[in-house]
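# A closer look at the structure
The chain contents come next:
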Amino acid sequence: SPGTNWLRGRGWRSGDWSPPTEPTKELLDALAPDRPVALMARDSHSVWLNSAALARANRDLQMPGGVVELDERGEPTGVLREESCWSFRDRYIETTDDEYVEAMRSAIKLAASRGVTAVHDKDGWLGALRFWQRLAGEGSLGLRVWQSLPAEKADELAAVAVRSGFGSPLLKLGYLKAFMDGTLGSETARLLDGSGVQITSRDELEEHIRNGAGTGLPVAVHAIGDLANREALDAFESTRELWEPLGLRHRIEHAQLLAAEDVPRFARLGIAASVQFSHAPSDRDLADRIWHDTTSRPYAYRSLLDSGAVLANGSDAPIEELDPLAGIRAGVLRTLDDRDAWRPEEAVSVEEALIATTRAPAWLARDEHRRGKLVPGFLADLVVLDRDPLACEPE
């Protein structure tokens, strides 16, 4: 019935709203007074709820590493961030396996139409592995999947001797995923000025890295702010003697704001920067407003490449469009609209963008001798384009 079924949606980012307005439960109550409403933010790090949805939790909202926004009366506004957001989602917002799989069937077709031959899936916490397995079983898995699992699962994987690369040609367990901090859009990125939300401490990340090394699993750790990136690099450096001899290919996911002295550490430590070129032009206005007084470098892709770092480019879908060519354009042009390039000194060349989108992700999955290049003997994961991207105008 309408009174019990969840109304779900996603994609809002209050930093884009004009005039500036804070999301509140009252705004949603006016639209849906009786039916629980849950709207995930564009970055998936915040959820906006109405009163009917808040009532489901019976005020059990606060979690370590989470934020419950409060109004001037000390009452929840309806916005939960980070661990509070995710805990609420997992406990109260009902999404069936069938709904997930049906959505993924459509997404695979969209991915194929845009030339996507492989994905690195960050949603291991969803139980996404079982969804992919269902799709593979019915014959509709038309791309390769390098699957993550939550870093907290490392002990369980070690207990049954599951190692990185376990699986089939199309679906493999690859790596562990962890989160250092929040995001720019939710204003929860952890910065050197002390602001932001800590989700995983440096010591906790060190433990995840050690546990992963025990079963040959590299770690991909989300880090947005300059302090979060520094502490992630510190954790990899302090555990280097353990994982380096194993040849593990760790990555920092997003690496959006870096202190100048931390940029060369990626190459020095052998940590890949797994970024999304499209984030730079998409986030430019928020970054200019929220990070305007920092000397750290936002979206420093050219600087990372020049330092010798491995730079891998993805989409972070559904945060940005699952569209590799749009991502390549964003990396080269540093704009996605009719405005001038944003921080053009950090642009990459077309060839560099193609390598970051094809060869580097294959290298992260230890597949660099089987795919990522067009050479005899490699897998024929081919994309047909109507012109040569190296010969035409970047636009």
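Here the structure is shown first, and the text comes after it.
Please read all numbers here as calculations on a predicted model, not as lab measurements. (Residues numbered from 1 in each chain as written. Predicted model: local features only at pLDDT ≥ 70, side-chain atom pairs only at ≥ 80, totals over all residues. Heavy atoms only, no water.)

Turning next to the overall build of the chain. Secondary structure assignment for the chain yields 15 helices and 14 strands. Against the globule reference of 21 Å for 395 residues, the chain gives a C-alpha radius of gyration of 21 Å, in line with a compact fold. With the C-alpha coordinates aligned to their principal axes, the bounding extent of the chain is approximately 65 × 50 × 50 Å. Within the structure as shown, the chain displays about 18500 Å² of accessible surface, and the carbon and sulfur contribution to it stands at 52%. (Helix = DSSP H or I, 4+ residues; strand = E, 2+ residues; numbered from the N terminus. Rg over C-alpha atoms; globule rule 2.2 N^0.38 Å. Areas by Shrake-Rupley, 256 points an atom, 1.4 Å probe, with all protein chains shown as cover.)

What follows covers the pattern of salt bridges. In this structure the tally under the stated criterion is 35 salt bridges. Across the pair Arg230 and Asp262 runs a salt bridge, and its minimum N-O distance is 2.9 Å. You can see Arg230 sitting in helix H8 (residues 226-238) and its partner Asp262 sitting in the loop between strand E11 (257-258) and helix H10 (265-269), a full 32 residues away along the chain. Among the residues examined, Arg230 registers a relative accessible area of 22% and is labelled partly exposed. A salt bridge links Glu244 to Arg240; the shortest N-O distance between them is 3.1 Å. Classification of Arg240 by relative accessible area gives partly exposed; the value is 23%. Several salt bridges share partner residues, and in doing so they unite Arg202, Glu206, Arg210, Arg230, Asp234, Glu237, Glu261, Asp262 and Arg265 into one network. (Salt bridge = Lys/Arg side-chain N within 4 Å of Asp/Glu carboxyl O. Buried < 20%, exposed > 50% of the residue type's maximum accessible area, 1.4 Å probe, protein only.)

Looking at where Gly174 falls in the secondary structure, it is placed in strand E8 (residues 171-179). Owing to a relative accessible area of 1%, Gly174 belongs among the buried residues under this scheme. Sequence spacing of Gly174 and Thr335 is 161 residues, and the spatial spacing of their C-alpha atoms is 33 Å. When near neighbours in sequence (up to four residues on either side) are disregarded, Gly174 contacts Trp146, Gln147, Ser164, Leu217 and Pro218. (Contact = heavy atoms within 4.5 Å.)

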